[in-house]
Amino acid sequence: ITRNCMLHCRYCFIHDEAPPSLDPRLVDPLVCFLEGTGRRWRLDVTGGEPLMVFETLKRLLEKCRDRGVVIEGGDLTTNGVLADEGKIDYLAANNFILIFSVDGPEHVHLENRTSRSSPINSHQRAMAAVRYMQRKGYRYGFSGVFHKNTLAWLDESVRFLLDNAGLHRRIVLH
């Protein structure tokens, strides 16, 4: 849905591709296409950081609902930096599972997931969102990337992800 992101992860290739984001003017034609199929849909949303264009995603879901297009939920992969309670509640109410890009404990995660301009600790923000989701009983998962400079901590990282996955153990390893 977007190629934009506030982070600059060492191994990311997404930010080098264009176009940067889904043009909001394409929401209506997309909904018309979905409506014309007569099917139910699952929507998996990735980026960049899809929460940077949350309002476009929200508009898409609302237009689908208005036109009778059934979106049964899906996954939304996020670095967690913008995952506030309002967005999390909205997505959970629409049957989305948030997949947090977390590579393990903080010291491992921050080896590769750096900010473009400001000192953002994406690990602290993501884990705060995870704790909120745990309290609310929402489903979530992790997507961890292991890179040559973090392989030494692979066991520690996988243990961290499993220990924090809660009841809904869903972990994607890249």
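Below: a short report on this structure. Quick caveat, the model's predicted, so the values are computed rather than measured. (Residues numbered from 1 in each chain as written. Predicted model: local features only at pLDDT ≥ 70, side-chain atom pairs only at ≥ 80, totals over all residues. Heavy atoms only, no water.)

### Comments concerning the nonpolar core
As a reminder of what qualifies: For the purposes of this section, nonpolar cores are sets of buried Ala, Val, Leu, Ile, Met, Phe, Trp, Tyr and Cys residues that join through side-chain atoms within 4.5 Å. We call a residue buried when its accessible area falls under 20% of the maximum for its residue type, exposed when it is over 50%, and partly exposed in between, using a 1.4 Å probe and counting protein chains only. Where helices and strands are cited, they refer to DSSP runs of H or I of at least four residues and of E of at least two residues respectively, numbered from the N terminus.
Ranked by internal contacts, the top residues of the largest apolar core, which has 35 residues, are I88, L91, F100, V102 and F142. If you list the elements that add at least two residues to this core, you get α1 (27-37), α2 (54-66), α3 (85-93), β4 (96-101), α5 (122-136), β5 (140-144) and α6 (154-164). If you tally residues by element for this core, the top one is α5, at six residues. Counting seven residues, the second-largest nonpolar core is a separate cluster that includes L7, C9, Y11 and I120.

### Considerations on the pattern of salt bridges
So the rule is basically this: What makes a salt bridge here is a side-chain nitrogen of Lys or Arg within 4 Å of a carboxyl oxygen of Asp or Glu, nothing more.
Inspection of every chain in the model, using the stated rule, returns nine salt bridges. With a closest N to O distance of 2.4 Å, E72 and R40 form a salt bridge. Remark: R40 occurs in strand β1 (residues 40-41) and E72 occurs in the loop between β2 (70-71) and β3 (74-78); sequence separation between them is 32 residues. The partly exposed category is assigned to E72, whose relative accessible area is 42%. Its relative accessible area of 57% is what places R40 among the exposed residues. Residue D44 pairs with R42 through a salt bridge whose shortest N-O separation is 3.2 Å. In the salt-bridge network here, residues are joined through shared partners; they are D28, R59 and K63.

### Quick notes on α3
For an α-helix, the turn length of 3.6 residues means that residues three or four places apart are oriented alike. Spelled out, the test is: Whether two residues are in contact is decided by their heavy atoms: any pair within 4.5 Å suffices.
K87, I88, Y90, L91 and A92 are the residues of α3 that are buried. Of the surrounding elements, those touching the buried residues of α3 are α2, β3, β4 and α5. A positive backbone phi angle near 65° is found at N95, which sits one or two residues after α3.

### Description of the pairing of β5
The two faces of the sheet receive side chains in turn, since in a regular strand these alternate between them. The criterion, for reference: DSSP bridges decide pairing: two strands pair if at least two such bridges lie between them.
Judged by how many residues are buried, β5 sits mostly within the fold: five of five residues are covered. Pairing between β4 and β5: four bridges, direction parallel. Residue pairing across strands places S101 opposite S143, the latter belonging to β5.

### Overview of the packing of α2 against α3
Keep this limit in mind: As a rule, the C-alpha atoms of each element are fitted with a line to give its axis, helices using only the stretch in contact, and angles between N-to-C directions run from 0 to 180 degrees. Working rule for angles: under 35 degrees goes down as roughly parallel, over 145 as roughly antiparallel, 65 to 115 as roughly perpendicular, anything else as oblique. Crossing handedness: left-handed means the near helix sits turned counterclockwise from the far one by under a right angle, and right-handed means the same turn made clockwise. Put simply, Ala, Val, Leu, Ile, Met, Phe, Trp, Tyr, Cys and Pro go in the nonpolar bin, Asp, Glu, Lys and Arg in the charged bin, and everything else, Gly too, in the polar bin.
Axis separation between α2 and α3 bottoms out at 12 Å; the angle between their running directions is 30°. Our classification of the angle between α2 and α3 gives roughly parallel. As for the relative orientation of α2 and α3, their crossing is left-handed in sense. Each of F54, L57, K58, L61, E62 and R65 in α2 lies in contact with α3, whose residues at this interface are K87, Y90 and L91. Tallied by class, the residues present in the contact of α2 with α3 amount to five nonpolar, no polar and four charged.

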